[in-house]
Amino acid sequence: MANTNKQIHSQLSIEFSEEDVSQAFSKGWFCIYYQPKVMLSNQNKILGAEAFVRLNHPQHGNLSPYLFLPLIKKSNRLYELTSIVLGEINQDLTNWQLNGFDLSIAINIDDVTIQSEEFQQLIESLINAESIQPHLITFEVSHASEIEWNEKLINALNEFRLKGFQVSLDDYTGDIHCGKKFSELPVDEVKINRNIITALEINPSAKGSARHIIHSATEIGTKVVAMGVENKKDCDWLTQSGCDIGQGFYLGKPLDKEEFFETFLSKEKQWEVVKGWDKPKVLLIEDDIKYQELFTDTLAELFELHVASNAKEALSIANKLRPEVLVVETTVDSNQGFEISKNIISEIGNHDCPILFLSRDDSTQNRISAFELGALDCINKPFSVNELIAKIHRATALQKQRIESHQDEKAVLAIESAKIIQEEAILYGSIVHLYRDIMHCYDEEALKSVIFDFLEHKGLQSSLQFRGGDSISTFDQRGIGVSPIEVNLFEILKDKGRLFEFNGRMIINYNSVSCLIRKMPDDKASAGVARDYLATAIEGAEIRYADILRQRTIRYVLSKLNTLASSLSTAIKKEVDEKAKLLATLNIELQMSFHVLDLTDEQEKKISEIINAIIQSSDQGENRTLDTIDNIESIIKELNQIVSSSNIEQLSAPRSGSDVEFF
């Protein structure tokens, strides 16, 4: 990154004219560089790339767009450049496909361009000429405070999505300043602002911002890309926090098409290229004719859509189609939506097939039933088509992650039964050890690692949620993204009591920490043991997390106090210095005036006494002011010493006896 900044800085001194721009078009100086977008949970897998335009000048070499784009806009040739770039991308995609690679490519388009008629006509002409492959192209729209998310922009983005393009919200910082909700924006992907990612290790609030974005995107089923990933530590943190994709110099720098192919796509390399977005096979089970027509009109361009109105049709189509996504209305065929889905999954034998339920009943029981069937989400009617599109995209992405982790999960489950029954002494000792580890955790990531490690050794699979003020962090023990329905379950079940069990599952709730267990032991004795140590473990996490939040607040308050005290001290000292200077000047001027005014000795003596009284009073006031400064600095110093030397709040070991009973 430092080298890139130096390169950009050195190019700023280059004199680049409109004549150079004209030659760039006539002589074909423009070229495309590609930077890989990598799956964070498996960094040997490339999920796509972002395209960057460069100008290969014969004297100055490859020039950054910062240098030439303003001149191109000024000369009204931006659409011409866009056409060239899209044509180059399509040619590269075609060549890569001949070598067996279907790669998704992202390109930046500003909000003004994307809603203009000229751009829409350009895209239409490229589609008609088969000079572009919409299903492999993502338009990245930069998120900025000056962008107005008006209906014209939203409609334009929706039109492009219906043509098969994907839309990405670029440079997202976590706030939408447009009167719109995040869930209302027609986007399939969110890219976390580079400044947030590069500040993860130096600014505590950056982690909170990143977690907030990941949580918000997960809730609505949108993919998340971290921009500017520059080191392994940030990469690991993002993976553990549920971020899907990474982009940055640590994972791969921008390369020209030849270097990109040799580095990432050549069959001699170890990289695995995940096939770009194609049309997944979607089976819609819906008996409302209006919704059938709506889905057919809006989704047919994006997905291989098949519609069934009842259980018999659905099962027949499923056996032939082998769907990759099920979208099921819960009330279809006399409220048989859940049962139909269960039968289809059993019949086709694809337990990794993601299910999205549609329902007018947003009850807790409905969501629990959906979760029990392994659904990724339960969408409440009425809903926007944009929301459904985004969640189908998310469902297919999570399906790939599920399939990858399935074998590892089987291996874990095979060992579970051997670990589930343990002696009381061993169990008690392991919890004491857990508490000791918890005491040394200083953030959410460390806490979840300790808890997940403990539960894995107990043969349990879980998700954890930490709620700290405005920041919510949700983690999956398997290291893959948390599904939207699990995120929603934490919300609707957090008020169901300390321990809430439902059909072999359980959630443990405390004020700031909740743990969702996907499958409890079958026999009562083992379930009783698990219930006890789970409650004890999460209670320990709650106590430690409360202390982490308290320490975090204290550090924030102290930082503010230090800043205010420093400002106050500076202001007071400045005032004291200026006052002393004025008094000294006054004294000199008055003494000199004695001779000019030709005062008597008695008059001079009287005025001198007044001056001395003023100076003495001022000195006393200065001393009092300096005492005040010393007192303020002493208080701040004492507070800092208290915080820096404070011991971690001790967690008492779990008590045996009536408080914690092990079966």
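The structure presented is a predicted model; accordingly, all values stated were derived computationally and were not measured.

### A look at helix α2 (residues 18-27)
Of the positions making up α2, those classed as buried are Asp-20, Val-21, Ala-24 and Phe-25. Angular distribution of buried residues about the axis of α2 spans 140°; they occupy a single face of the element. Of the exposed residues in α2, the ones pointing more than 90 degrees away from its buried face are Ser-26 and Lys-27. Against the buried residues of α2 lie β1 (30-39), β2 (45-57), α3 (65-74) and α4 (78-98). Following α2 by one or two positions, Gly-28 has its phi on the positive side, about 70°.

### Let's talk about the sheet that holds strand β17 (residues 462-468)
Pairing in this open sheet of five strands is antiparallel, and the strands run β18-β17-β21-β20-β19 from one edge to the other. Unpaired on one side and paired on the other, β18 (471-476) and β19 (499-502) mark the two borders of the sheet. Averaged over all adjacent pairs, the angle separating strand axes in this sheet is 10°, with direction ignored. Here β17 runs beside β18; their pairing, made up of six bridges, is antiparallel. By the bridge assignment for β18, Gly-468 is matched with Ser-471. Strands β19, β20 (505-509) and β21 (513-517) of the sheet are contacted by helix α16 (residues 364-372), whose axis makes an angle of about 65° with β19.

### Topic: the pairing of strand β6 (residues 166-172)
The element β6 is extensively covered by neighbouring structure, given that six of its seven residues are classed as buried. Pairing analysis gives five bridges linking strand β5 (residues 137-142) to β6, with the strands arranged parallel. Within β6, the residue paired with Val-141 across the bridge is Leu-169. Sheet topology places β6 next to strand β7 (residues 189-192); three bridges connect them, and they run parallel. Paired with Ser-168 across the two strands is Glu-189, which belongs to β7.

### A look at the nonpolar core
Grouped burial of nonpolar side chains is what soluble globular proteins tend to show. In this structure, Trp-96, Leu-103, Ile-105 and Phe-139 are the most contacted members of the largest nonpolar core, which totals 79 residues. Other than its neighbours up to four places away in sequence, Trp-96 contacts Tyr-34, Phe-101, Leu-103, Ile-105, Phe-260, Phe-261 and Leu-265. Core analysis: the next-biggest nonpolar cluster, separate from the first, contains 32 residues, Leu-464, Val-513, Cys-515 and Ile-538 among them.

### Quick look at helix α15 (residues 337-348)
One full turn of an α-helix is made of 3.6 residues, so residues set three or four places apart face in the same direction. Here α15 is 12 residues long and its end C-alpha atoms lie 17 Å apart, about the 16 Å a rise of 1.5 Å per residue gives. If you check which residues of α15 are buried, you get Gly-337, Phe-338, Ile-340, Ser-341, Ile-344, Ile-345 and Ile-348. Buried residues of α15, viewed axially, fall in a sector of 160°; they line one side. In this fold, the buried residues of α15 make contact with β12 (281-285), α13 (311-321), β14 (325-329), α14 (332-335), β15 (355-359) and α16. Gly-349 sits one or two positions beyond α15 and adopts a positive phi of about 70°.

### Describing the sheet that holds β15
In space, the five strands of this open sheet follow the order β13-β12-β14-β15-β16, with parallel pairing throughout. Sheet topology places β13 (304-308) and β16 (377-380) at the edges, where each strand pairs with a single neighbour. For this sheet the average axis-to-axis angle between neighbouring strands, irrespective of direction, equals 20°. Taken together, the four bridges between β15 and β16 define a ladder with parallel strand orientation. For Ser-359, the partnering residue across the bridge sits in β16 and is Asn-380.

Calculation criteria
Residues numbered from 1 in each chain as written. Predicted model: local features only at pLDDT ≥ 70, side-chain atom pairs only at ≥ 80, totals over all residues. Heavy atoms only, no water. Buried < 20%, exposed > 50% of the residue type's maximum accessible area, 1.4 Å probe, protein only. Helix = DSSP H or I, 4+ residues; strand = E, 2+ residues; numbered from the N terminus. Arc of directions from axis to C-beta. Contact = heavy atoms within 4.5 Å. Pairing = 2+ DSSP bridges. Axes fitted to C-alpha atoms, helices over the stretch in contact; angles between N-to-C directions. Core = buried A, V, L, I, M, F, W, Y, C linked by side-chain atoms within 4.5 Å. Expected span 1.5 Å × (residues − 1).

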